[in-house]
Amino acid sequence: MARSPSFAADTVRHLTDEAATESFAAEVARELETGDVVALSGDLGAGKTVFARAVIRALAAAAGTHVADVPSPTFTLLQQYDLGGRTVYHFDLYRLGDAGEAWELGIEDAFADGICLIEWAERIEELLPTRTVRIELAYGPTKDAREARVVVPGDGT
């Protein structure tokens, strides 16, 4: 995110339901450029995959294409999408044994060549670039609600 994002940094977004999470993800997607890394964290079921899928679908739509199936990379650890000249790397590091295994997945090239969405990013915290946007998803006050805390590099954190 070379420019200032339209969403506020280091704030909490209150997302009333899955559609609100998807809408916020689409908002984030509009700001993403090659080289951007989005680190998603939160408890199991907090909405990391919902968020990542919505970003991928929004990026696909912006590229004039449609991605029908956006599987969770829980078992493959990585799904890659070529979208109108941009590559999106969707990592799910839940099953990663240690941070060093991320190198074997080609994460260094992904950081440089594409847009990275990383679920369970805290498992490789020491490898994340300083420009990483962090989004922590947590359960909200109702069953479908979520809270998203956003930390953008350069906001003093």
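None of the values given here were measured: they were computed from a predicted structure.

Okay, the overall build of the protein chain next. Looking only at helices and strands, the protein chain has 4 helices and 7 strands in total. Listing the helices and strands of the protein chain from first to last along the sequence gives β-α-β-α-β-β-α-α-β-β-β. Overall, the C-alpha framework of the protein chain stretches about 40 × 35 × 35 Å when taken along its three principal axes. Relative to its full complement of 157 residues, the protein chain shows a buried share of 46%. When the accessible surface of the protein chain is totalled, it reaches about 7,500 Å², and 49% of it is carbon and sulfur. Positive and negative side-chain charges of the protein chain, numbering 14 and 26 respectively, have mean locations separated by a distance of 5 Å.

Moving on to the side chain of Glu147. Tracing the backbone through its elements, the reader meets Glu147 in strand E7 (residues 146–151). One buried charged residue, Glu147, remains without a salt bridge, the closest side chain of opposite sign being Arg146 at 8.9 Å. Each residue touching Glu147, except ones within four places of it in the same chain, is listed here: Val12, Arg13, His14, Glu136, Leu137, Ala138, Tyr139, Gly140 and Pro141.

Where helix H1 (residues 18–31) contacts helix H2 (residues 48–62), the axes come no closer than 8 Å and their chain directions differ by 50°. Classified by the angle their axes make, H1 and H2 are oblique. For the crossing formed where H1 meets H2, the hand is right-handed. Together, Glu18, Thr21, Glu22, Phe24, Ala25, Ala26, Val28 and Ala29 of H1 and Val50, Phe51, Ala54, Val55, Ala58 and Leu59 of H2 make up the contact between the two elements. Looking at the contact of H1 with H2 residue by residue, the class counts come to 11 nonpolar, 1 polar and 2 charged.

This brings us to the nonpolar core. Formed by 29 residues in total, the largest nonpolar core has its most connected members in Phe51, Val55, Leu59, Val88 and Ile135. Going through the elements one at a time, H1, strand E2 (37–42), H2, strand E3 (78–83), strand E5 (115–119), strand E6 (133–139) and E7 are the ones with two or more residues in this core. By residue number, the principal contributor to this core is H2, which donates 7 residues. Once residues lying within four places of it in the same chain are set aside, the contact partners of Val88 are Ile56, Leu59, Gln79, Gln80, Tyr81, Leu83, Ile115 and Leu117. Among the nonpolar cores identified, the runner-up in size contains 19 residues, and Tyr89, Phe91, Leu96 and Ile124 belong to it.

About the cut-offs
- Residues numbered from 1 in each chain as written.
- Predicted model: local features only at pLDDT ≥ 70, side-chain atom pairs only at ≥ 80, totals over all residues.
- Heavy atoms only, no water.
- Helix = DSSP H or I, 4+ residues; strand = E, 2+ residues; numbered from the N terminus.
- Buried < 20%, exposed > 50% of the residue type's maximum accessible area, 1.4 Å probe, protein only.
- Areas by Shrake-Rupley, 256 points an atom, 1.4 Å probe, with all protein chains shown as cover.
- Lys, Arg positive; Asp, Glu negative; His and termini not counted.
- Charge placed at Lys NZ, Arg CZ, Asp CG, Glu CD.
- Salt bridge = Lys/Arg side-chain N within 4 Å of Asp/Glu carboxyl O.
- Contact = heavy atoms within 4.5 Å.
- Axes fitted to C-alpha atoms, helices over the stretch in contact; angles between N-to-C directions.
- Parallel < 35°, antiparallel > 145°, perpendicular 65-115°, else oblique.
- Left-handed = near helix turned anticlockwise from the far one by under 90°.
- Nonpolar A, V, L, I, M, F, W, Y, C, P; charged D, E, K, R; others polar.
- Core = buried A, V, L, I, M, F, W, Y, C linked by side-chain atoms within 4.5 Å.

Keep in mind that these numbers describe shape and distance, not what the molecule does.
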